[in-house]
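# Coordinates in review
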Amino acid sequence: MANKERVTKLFLDLLKINSPSKRERKVADFLKARLQSLGFDVCEDDAGEKIGGDAGNIIAFKKGTAPGAKSIFLGAHIDTIESTDKLNVVIEGDEVRSDGTTILGADDKAGIAAILEGIESVLDSGSSHGDIQVVFNVAEEIGLMGSRAMDISQINADFGYIFDTQKPAGGITVSAPSHANMFIDIKGRAAHAGMAPEHGISAILAASNAISKMKLGRIDFETTANIGVIEGGKARNIVPDHVEIKAEARSRDESKLLAQVEHMTAVFESEAEAIGANAVVRCDREYFSFKWTQDDEIVKLAVAACNKIGIEPTFMDGGGGSDANIFNAAGIACVVVGVGYDGAHSSSERISLNDLATAAAFVQAIIETAARAEE
Ligand SMILES: [Zn+2]
């Protein structure tokens, strides 16, 4: 079984190392040494140079001892959303939190601790295991920059489990949305608003006509859309000739996302054209969705791990992006697993040490279940 005392100590040690995005050097060195001591071949890629950080992604590999086992990779991110150099850790009973003035950094240091403890427990037990790869990414919190900068062909595993979400510990996030960023540029014609308004074409009018006719907000249970920023016009007495709009759409269903983007594009274009303006719509993909079901091997393995440690499997649909979106889009199957923290990205962030131990036990159970995949 996972060692609660040991995972607690490791977690508290990690909390002491400040590692905001792009400043992960110290924690990276700590983790490389730790992985080496567990017998992993460890390398660090050049993501740090590519993104202007001081550390790269850590990719570690340990050859399996169980023939025919499924190979797995375990992932977490090593940056925190903010600096924790002023962190005062408060331990109350089973709960660890900050003193309420900073984040705790359990997102995602709890994930890191759970992975390392789960692996160490397997090695302690002497049971055979398949190939294990560990991927610790930098700069996840600032737009998945670390995983985006990574050569994902370095991941060589049947299934991946990313330990990077809130309660319940061992909960399985089987899907996440695709996310499209839209940039809309509407051009009209400037004119004096008092003397010659009929010579002007208002870009603001085109934009507002379009937005008023657009489906926005919650489109259905897995699709959302939003106009987030609108900027335009120069002065009260000039018919505005230019508006820039930033919008987004998300869906866990790729075809629904495409339909929503097409809808928004078409309405901007037609409403602009209707008054003689011109809308140019550009769309960038922030990340792509993934969706696994209980019939998929990757989920079955996670369910078996839950059963092994006596927790009820819980399935969740994600509402945002994580490194798992990047890996799935690159063809590496992975799901996100709950580590048990709560209130991430806020000063009320906290975690129960029992939940942390459960997450570590889940890691151990995943490795042991994968080892017997062929039986
Ligand atoms: Zn996170």
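Residues numbered from 1 in each chain as written. Predicted model: local features only at pLDDT ≥ 70, side-chain atom pairs only at ≥ 80, totals over all residues.

### Some words on the overall build of the protein
Along the backbone of the protein there are 10 helices and 17 strands. Its C-alpha atoms put the protein at 85 × 45 × 40 Å along the principal axes. Burial analysis of the protein (375 residues in total) assigns 49% to the buried set. (Helix = DSSP H or I, 4+ residues; strand = E, 2+ residues; numbered from the N terminus. Buried ≥ 20, exposed ≤ 12 C-beta atoms within 10 Å, placed from the backbone.)

### With respect to the sheet that holds strand β9 (residues 178-187)
Across the sheet, which stays open at both edges, the 5 strands sit in the order β10-β11-β12-β9-β13 with antiparallel pairing between neighbours. Pairing within the sheet leaves two strands with one partner each, and these edge strands are β10 (217-220) and β13 (278-287). Taking each pair of neighbouring strands and ignoring which way they run, the sheet shows an average axis angle of 20 degrees. Judged from the 9 bridges that link them, β9 and β13 form a sheet pairing that is antiparallel. (Pairing = 2+ DSSP bridges. Axes fitted to C-alpha atoms, helices over the stretch in contact; angles between N-to-C directions.)

### Brief notes about the packing of helix α8 (residues 297-309) against helix α10 (residues 353-371)
The N-to-C vectors of α8 and α10 enclose an angle of 120 degrees; their axes lie 8 Å apart at closest approach. Compared by their axis directions, α8 and α10 come out oblique. Crossing geometry of α8 relative to α10 is assigned as right-handed. Along its contact with α8, which presents L301, A302, A304, A305, K308 and I309, the element α10 presents A361, F362, A365, I366, T369 and A370. (Parallel < 35°, antiparallel > 145°, perpendicular 65-115°, else oblique. Left-handed = near helix turned anticlockwise from the far one by under 90°. Contact = placed C-beta atoms within 7 Å.)

### A closer look at the nonpolar core
Counting 89 residues, the largest nonpolar core has A114, Y161, V335, L356 and I366 as the members making the most contacts within it. With 13 residues, α10 is the largest single contributor of residues to this core. Residues I184, I186, A207 and A210 belong to the second largest nonpolar core, which totals 23 residues. (Core = buried A, V, L, I, M, F, W, Y, C linked by C-beta atoms within 7 Å.)

### Regarding the domain arrangement of the protein
Taken domain by domain, the protein holds domain 1 (4-176 + 289-371) and domain 2 (179-287). For the side of domain 1 that touches domain 2, the secondary structure elements donating two or more residues are β8 (172-176) and α9 (323-329). Considering each element in turn, the side of domain 1 that touches domain 2 owes the most residues, 3 residues, to α9. (Domains from an automatic or database assignment.)

### Regarding unusual backbone geometry
A cis amide bond links D107 to the next residue, D108, at an omega of 15 degrees. Among the secondary structure elements, D108 is positioned in helix α4 (residues 106-125). The omega torsion across K167 and P168 is -5 degrees, close enough to zero to call that bond cis. If you trace the backbone, P168 turns up in the loop between β7 (159-166) and β8. If you check the backbone angles, K22 has positive phi at about 75 degrees while not being a glycine. Along the chain, the position of K22 falls in the loop between α1 (4-15) and α2 (25-37). For A139, which is not a glycine, the phi torsion comes out positive at approximately 50 degrees. As for its position among the elements, A139 is in the loop between β6 (132-137) and α5 (145-148).

### What about α2?
Since there are 3.6 residues in each turn of an α-helix, residues three or four apart along the chain are aligned in direction. Taking 1.5 Å per residue as the helical rise, α2 with its 13 residues ought to reach 18 Å, and the 19 Å between its terminal C-alpha atoms agrees with that figure. Every buried residue of α2 is accounted for by V27, A28, L31 and L35. All buried residues of α2 project into a common sector of 100 degrees when viewed along the axis, lining one side. The outward face of α2, more than 90 degrees from its buried face, is lined by the exposed residues A33, Q36 and S37. Directly beyond the C-terminal end of α2, a positive phi value near 85 degrees is found at G39. (Expected span 1.5 Å × (residues − 1). Arc of directions from axis to C-beta.)

### Description of α4
Taking 1.5 Å of rise per residue, the 20 residues of α4 would be expected to cover 28 Å, and the 27 Å separating its terminal C-alpha atoms lies within 8% of that figure. The element α4 is extensively covered by neighbouring structure, given that 17 of its 20 residues are classed as buried. Within two residues after α4, G126 carries a phi angle of roughly 75 degrees, on the positive side.

### A word on the pairing of strand β12 (residues 242-251)
For β9 and β12, the ladder comprises 10 bridges, and the chain directions are antiparallel. Across the sheet, the residue bridging to D185 is E244, located in β12. With 9 bridges joining them, strand β11 (residues 223-232) and β12 adopt antiparallel strand pairing. When the bridges of β12 are listed, N226 appears paired with E248.

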